[in-house]
Amino acid sequence: MMWQTSKHANIRSRIGFFNSFGWANLALLFAVLLSVLSVSPVALGNSTLKETISELEASQQWQQTLKEARGQTVYFYAWGGSKPVNDYLRWAAREIASRYKVRLRHVKVADISEAVSRLKAEDGSKSAIDLLWVNGENFSYLKAQKLLLGKLPSAIPNTTLLATEQLSLHNDFGVPMEGYEVPWGVGQFNLIANQSLFSAKNPEQTSITPADILSAAERNPGRISYPRPPEFHGTTFLKQLLVALTNSDPRLFALATPNAQQQLLPVLWHYLDKLHPIIWQNGSAFPSSNTEQLALFTQQQLDLAVSFNPNQMAKEQSEKRIASNAQRLFFDGGAITNSHNLAIPKGAQSPAGAKVVIHFLLSELAQKHKVDGSWGDPAVITPLLDPASTLPAQQELHSSWQQVIEDTWQQKYGA
Amino acid sequence: MNNRLLAKSQLSPSNQLYSAIDLGLKSTAWVLVAIIALAPLFGVVIGLWPAAELDWAAISRFLGYNGLAYSVASTLLLSLVAPLIALYIAFMVYSQYRFNRRWQSLEKRLAPLLSLPHLAVALGLVYLFSSGGMLWSVLWGFVGQTAPEWLGLPRKSMLTMILAISIKEVPFFLLIFSAIGRQLAIKQWLLQGRALGYSESASWWLIVFPVVLKQSRLAVLAAMAYTLSVLDISLLIGPNIPELYAVVLYNWQTGFTPDEQTFAFLGNLLLIAMLGVLIACIYIHERLVTKQLANQAVMANPLNITRLSGVFTAWLGFFSLLTLAILATFLLWSLGWNTHSTFNTANWSTSLWQDEWFFMQGPLLNSLHIAFFSSILGVGVTLLALELQRHNKRYFPDYLWLLAILLPQLSMVYGWQIVHTSSNASYHSSWIILSHVPFTFAYSYLVLRGPFQSLNRHYELVAASFGYSPWQRWWKVRFMLLRPALLSAFAIAFSVSIAQYIPTLMIGAGRVATITTEAVAIASGNEQSITAVYILVQAALPFIAFLVASILAQRTRGSVDAEHQ
Amino acid sequence: MLSINNCQIQIEGCLITLPNITLEKGELLVITGPSGMGKSTFLHWILGDSIRHANISGEIMLNGVPLSGVNIEQRRIGLLMQDVHLFPHLNVLDNICFALPHRLKDEQGSKLSRRQRKDSAMQMLNKINMGYVAEHYSHQLSGGERSRVGLVRALANQPQALLMDEPFAALDPDTSAKVSQWAFSQLHERGVPSIMVSHDLNNIPSQAQHLDLANYFQQV
């Protein structure tokens, strides 16, 4: 379980938003990155950005928000399973208290769906939640039920910093954010492997193919696994395999028609049929989550772990939890990339305070601390975009595929 | 004196007043007891009600869910087998320890053995005994080899799950047996059995077991209901092809598509039906066993096989060792040790403890005060419920009182949450205490009913003949005699309250963090070092409660010591 | 003085019509009869306990006061059963203190202190040379000791009458003889009218009245 608790994509998403081809999107991203890399635009961009933000901060609206926020307590519902994240929020709480006189309280939950269930019970009335960490299915549900406060970007100056275009931050799993949530960080699907696992290739290797995984499994029986779908990381692993096995077939980025399903999916099941007998416990059990898989990895039960944090391996290594020669890998076609976000419930008791918290969390200071500290979650603001540590991005599949993949997986391997 | 006596008996108007007040008090008490006992049912009805718009298509989709049948069957099997194994082991242990010098050391150590949370036992077991686990590594390390794969316990399987639950429930049943045994003339029965030429072990089975089995029905049911719906250890060590039912249900319950909502509703009904099956199984098992043993008794079978239970004299040693090994593992983890380090290279450090200790104090105090008040209230309401039934000379079926243990907790608390938020109530910790009371009540009812009902009424009769009023009799005799049982009930209720995650989070809205809300959230990240810190602290709280209770119980004498000693 | 008039016991299809009973100070009535005839039930009725499996009617007068409608705790009648039911949570001395009347006063007419109550309980034990069991608990006593402590406790309450339900039946014959003799002399000395249900007529003092229920029984 992590903040990505979405088990199913949102079927109600707008069809055709991702109607471009994967390579086109990739090219666009590279182009943007290149432009950010060249020195002068960055300097220029930063200085104009800073001016804009100071103007916004001086605005009467924001001054009013700051005034209202003073003395408020913000109850922030967020997954509490990660010490680095908890530590980061403790740091943020201290900073926010001294800067804005707002008390930030991290309400640790085992699964953010607990917060969603509370909002459902409150049904839009006075809420106990002021701010929540959310994405995917949970967001789409809350948005559809009209339980979230809108127009966040126009109310929070630092949202101007967001690298919206470069990181394509308009959508959350195919559901347009439309100001109902604000990106906080970026996830990129990557694999962490013991060096021995893919030893056939050179240690400098950074990307792999499904065939690499299969041959590694043959050489190391019982040492590979993936989180059991519909756990989010497990489903993403399957999506990455599917994209790679079908050479990024364009139909994957459009509505999953029965025809497309019939033609595209068998290659995945064929692959899994070969893979499952030689993975951990012969495919008769799977880790329940990415965190459990990582624990098995650190206990040397597995040679492969999965993560959405591209900096996770480096952080684990610096804590000496995993071997220093472990490798970070991503799928050849690119890493599926998405964001995790912040939202304010409509019934929040301290909406002003929550806006101030978001404002701070998007500040250069906070975003820098997030990526440099023990968490290592990549920044989402223009001044801190770091193309060197950003993996090539793979476009998300059309959301309708998620349900299809999960259901068929359950049918074929779930019992 | 005689005048006073005369005066009193002729004051009929005031007698009427007294009886009116008495009636008023009684009905108020009944209402209070009914509210607490029926709150779970109320919650489930509210919590499940609006979710469903049922049609046959949905039902058939539900029934067609791949793996549902397997999942239900394997979960039923697990919930049936694991508690029964624990029951049998516990009985054999009990028979080996009860009338022996070993009993005192067992009673003393039961407290720490009971307080290790389920999650800790599960984590510890796989960590110690799985292939590549610490124990095998150490053993085979001596001869410089790696342990063979087949020797290890699978990380996730039915076997692992059955093992973890049956190991963990043994001390619970021992506690129940020790409460039951105190009401029975077991020593005399055994004497009779032996006088008739049966071995002591055969006498235990032929004479004692049928009675103990019947009296521990509720405890078995509680253990089965727990196994049926436990989520955290199912996720961690349970088989997941197919998943255990609790996990499947949880996935539906936390999903938001219309299908998932419907499935969650039907799934909860199915859960209740499964519970019904388990209840039926308890009765069938009881009948079969009783009949079988009666047959053996009729045939005067010496039951030599029962001598095998002699093996279980080693149980206390084994279990203490296991507990210590698990605790040691967690301690090592919490100090920074991991699989990549040997003792020399590990980053030994107490920084994690120092870091977290600062943030733990608030949750610790919250946990303590919530558990203290909710268990006091739970035990108090239990006494009230039992007393009212005694007055009525009629006891309601136990299932009615144990609804909090039997009904699905997530829907139940969700129902309470709807009522709580719609009534605009605050998130003060007193609400959390109230939300724990149905659970502390149910568990203390489970522990107290036996001792309460079997308390010899002649003690109070004698006290009455000495001139003590009903209130005085109740306090000076009944209550005092029940003290040891009350202490066990309090300790169990306390640890039940400590362990509550869902009601604490949902009713307290996260305003009131407890050590358990922190621990569960942190354990969801599977980071072993910090999880170890919180599990150790979480285990320490019930440990303190059990320890205090057992020290106090050793200083008080109750109905327990009255007869049959 | 204890008297029971017009008493009828209705139990499982039998009707027992008792003759009127009058017991003066220190007198003893022994009731015998086959089991199941409601002997114990009869004692519980006199005590004021609720009766379940029988119907008993009649008037009880204790020292000239009718007892109908009077609670057990106001009747001041003692009960001694075969199992003495010493309170297991109290030691012997505290068991006796528990029975001492609440309003017990010393010569100056002021209520006894805790210390004084313990002292007077100790005196009672010492009187029968049983001071050594003062700190013991029920399960540490022998059968004979328990019976004697039971009687001391019953008498400590200064009952106006005492009911005994086969009080010595669990003792071996020797002990039973010794203890019962001692008990009857104690009762006589204190002038407490007593009724005893018994199976065996040995060890009964000669002056005791005797009632065999079998003589008053009729089938209905």
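Counting of residues starts from 1 at the beginning of each chain's written sequence and follows it residue by residue. Chain letters start at A and ligand numbers start at 1, both assigned in the order the entries are written. Since the coordinates come from a predicted model, pLDDT governs what is reported: local features require at least 70, and pairs of side-chain atoms require 80 or more to be given and counted, while whole-chain, interface and lining totals use all residues. Remark: hydrogens and water are excluded; side-chain values derive from all non-hydrogen atoms of the structure.

A. Representation of the nonpolar core within the structure. Grouping buried Ala, Val, Leu, Ile, Met, Phe, Trp, Tyr and Cys residues that are joined through side-chain atoms within 4.5 Å yields what is termed a nonpolar core. Each residue is assigned to one of three classes by its accessible area relative to the maximum for its type, calculated with a 1.4 Å probe on protein chains only: buried under 20%, partly exposed between the two thresholds, exposed over 50%. Among the nonpolar cores identified, the biggest contains 238 residues, and Phe173 and Trp315 of chain B together with Phe42 and Ile195 of chain C are the most heavily contacted of them. With near-sequence residues (within four places) excluded, Phe173 of chain B lies in contact with Pro83, Ala86, Leu87, Ala90, Ala219, Val220 and Ala223 of chain B. In this structure, Ile208, Leu238, Leu265 and Leu304 of chain A belong to the second largest nonpolar core, which totals 45 residues. Here, residues are in contact when the closest pair of their heavy atoms is within 4.5 Å.

B. Structural context of the interface of chain A and chain B. Taken together, the contact pairs 63 residues of chain A with 60 residues of chain B. When two parts are brought into contact, each loses some accessible area as probed by a 1.4 Å sphere; the total of that loss over both is the buried area. Buried surface at the junction of chain A and chain B, both sides included, amounts to about 5,200 Å², of which 48% is carbon and sulfur. Definition used for salt bridges: Asp or Glu carboxyl oxygen within 4 Å of a side-chain nitrogen of Lys or Arg. Counting every contact that joins chain A to chain B gives six salt bridges. We call two N or O atoms a polar contact when they sit within 3.5 Å, provided that within protein one can donate a hydrogen and the other can accept it, with sequence-adjacent residues counted only if both atoms are side-chain atoms. The tally of links between chain A and chain B comes to 25 residue pairs in polar contact (both at pLDDT 80 or more). Within the residue set of the side of chain A that touches chain B, elements represented by two or more residues are strand E1 (73-79), helix H4 (83-100), strand E2 (103-109), helix H5 (113-122), helix H6 (136-144), helix H11 (290-298) and helix H15 (399-413) of chain A. Numbered from the N terminus, helices here are DSSP runs of H or I no shorter than four residues, and strands are runs of E no shorter than two. The element contributing the most residues to the side of chain A that touches chain B is H5 of chain A, with eight residues. Residues are grouped as follows: Ala, Val, Leu, Ile, Met, Phe, Trp, Tyr, Cys and Pro are nonpolar; Asp, Glu, Lys and Arg are charged; every other residue, Gly included, is polar. Residues belonging to the side of chain A that touches chain B are distributed by class as follows: 23 nonpolar, 22 polar and 18 charged.

C. Quick peek at the sheet that holds strand E8 (residues 207-208) of chain A. Residues and elements named next belong to chain A. Pairing between two strands requires that DSSP report at least two bridges joining them. Strands sit in the order E8-E10-E7-E9 across an open sheet of four strands; the sheet is mixed. Where the open sheet ends on each side, the last strands, each with one partner, are E8 and strand E9 (304-307). Sheet topology places strand E7 (residues 190-193) next to strand E10 (residues 327-331); three bridges connect them, and they run antiparallel. Along E10, the bridge assignment pairs Ala193 with Gln327. Throughout, an axis means a line fitted to C-alpha atoms (over the contacting stretch in the case of helices), and angles, computed between N-to-C directions, take values from 0 to 180 degrees. The strands touched by H11 within the sheet are E7 and E9, with E9 carrying the most contacts at an inclination of about 145°.

D. Layout of the side chain of Thr235 of chain A. Residue and element names in this part refer to chain A. Here Thr235 is to be found in helix H9 (residues 232-245). With relative accessibility at 1%, the residue Thr235 sits in the buried group. Here Thr235 is in contact with Pro229, Pro230, Gln402 and Glu406, once residues within four sequence places are set aside.

E. Seen up close, a nonpolar patch on the surface. Residues and elements named next belong to chain B. Residues enter patches when they are more than 30% accessible in relative terms and free of salt bridges; like-charged ones are connected within 9 Å and nonpolar ones (Val, Leu, Ile, Met, Phe, Trp, Tyr) within 5 Å. Every accessible area reported is derived by Shrake-Rupley at a probe size of 1.4 Å, with residue values counting cover from the shown protein chains alone. On the surface, Leu38, Leu41, Val45, Trp49 and Leu400 cluster together into a nonpolar patch covering about 490 Å² of accessible area. Per element, the largest residue contribution to the nonpolar patch is three residues, and it comes from helix H2 (residues 12-48). Of note, Leu38 is situated in helix H2. Given the relative accessible area of 37%, Leu38 is considered partly exposed.

F. Helix H16 (residues 351-392) of chain B, seen in detail. For H16 of chain B, spanning 42 residues, the distance from its first C-alpha to its last is 59 Å, which sits close to the expected 62 Å at 1.5 Å a residue. Note on H16 of chain B: the residue one or two positions beyond its end, Lys393 of chain B, has a positive phi of about 60°. For a helix, the expected span equals 1.5 Å multiplied by the residue count minus one.

G. Representation of helix H24 (residues 515-523) of chain B within the structure. Burial runs high along H24 of chain B: eight of the nine residues are buried. Among all positions of H24 of chain B, only Ile515, Thr516, Thr517, Glu518, Ala519, Ala521, Ile522 and Ala523 of chain B are buried.

H. Expanded view of the pairing of strand E7 (residues 77-81) of chain C. Residue and element names in this part refer to chain C. A large share of E7 lies buried, amounting to five of its five residues. Every second residue of E7 is oriented toward a common face, with Ile77, Leu79 and Met81 on one face and Gly78 and Leu80 on the other, all of them buried. As defined by bridge partners, E7 adjoins strand E8 (residues 161-165) across five bridges and the pair is classed as parallel. Directly across from Ile77, in E8, lies its bridge partner Ala161.

I. How the structure looks around empty space enclosed by the protein. A 1.4 Å probe that fits into a set of points on a 1 Å grid over the protein atoms alone but cannot get out defines a cavity; an open set with protein on both sides within 12 Å along at least five of seven lines defines a pocket, and lining residues are those with an atom within 4 Å of a point. Grid points are joined across faces, edges and corners, and a volume is the space filled by probe spheres set on the points. With the rule as written, the count across this model stands at six cavities of 30 Å³ or more. Of the volumes computed, that of the largest cavity is approximately 440 Å³. What lines the largest cavity is a set of 29 residues, and nearest its centre among them are Ser82, Leu294, Gln312 and Glu316 of chain A together with Glu527 of chain B. Looking at the lining of the largest cavity, the elements that each hand over two or more residues are H4, H11, E9 and helix H12 (312-318) of chain A. Sorting elements by how many residues they give to the lining of the largest cavity places H11 of chain A first, with five residues. The residue inventory of the lining of the largest cavity, partitioned by class, reads ten nonpolar, 13 polar and six charged. When we break the lining of the largest cavity down by domain, the ones giving at least three residues each are domain 1 (22-185 + 338-390) and domain 2 (190-337 + 395-413) of chain A. For the purposes of this description, domain bounds are those given by an automatic or database domain assignment.

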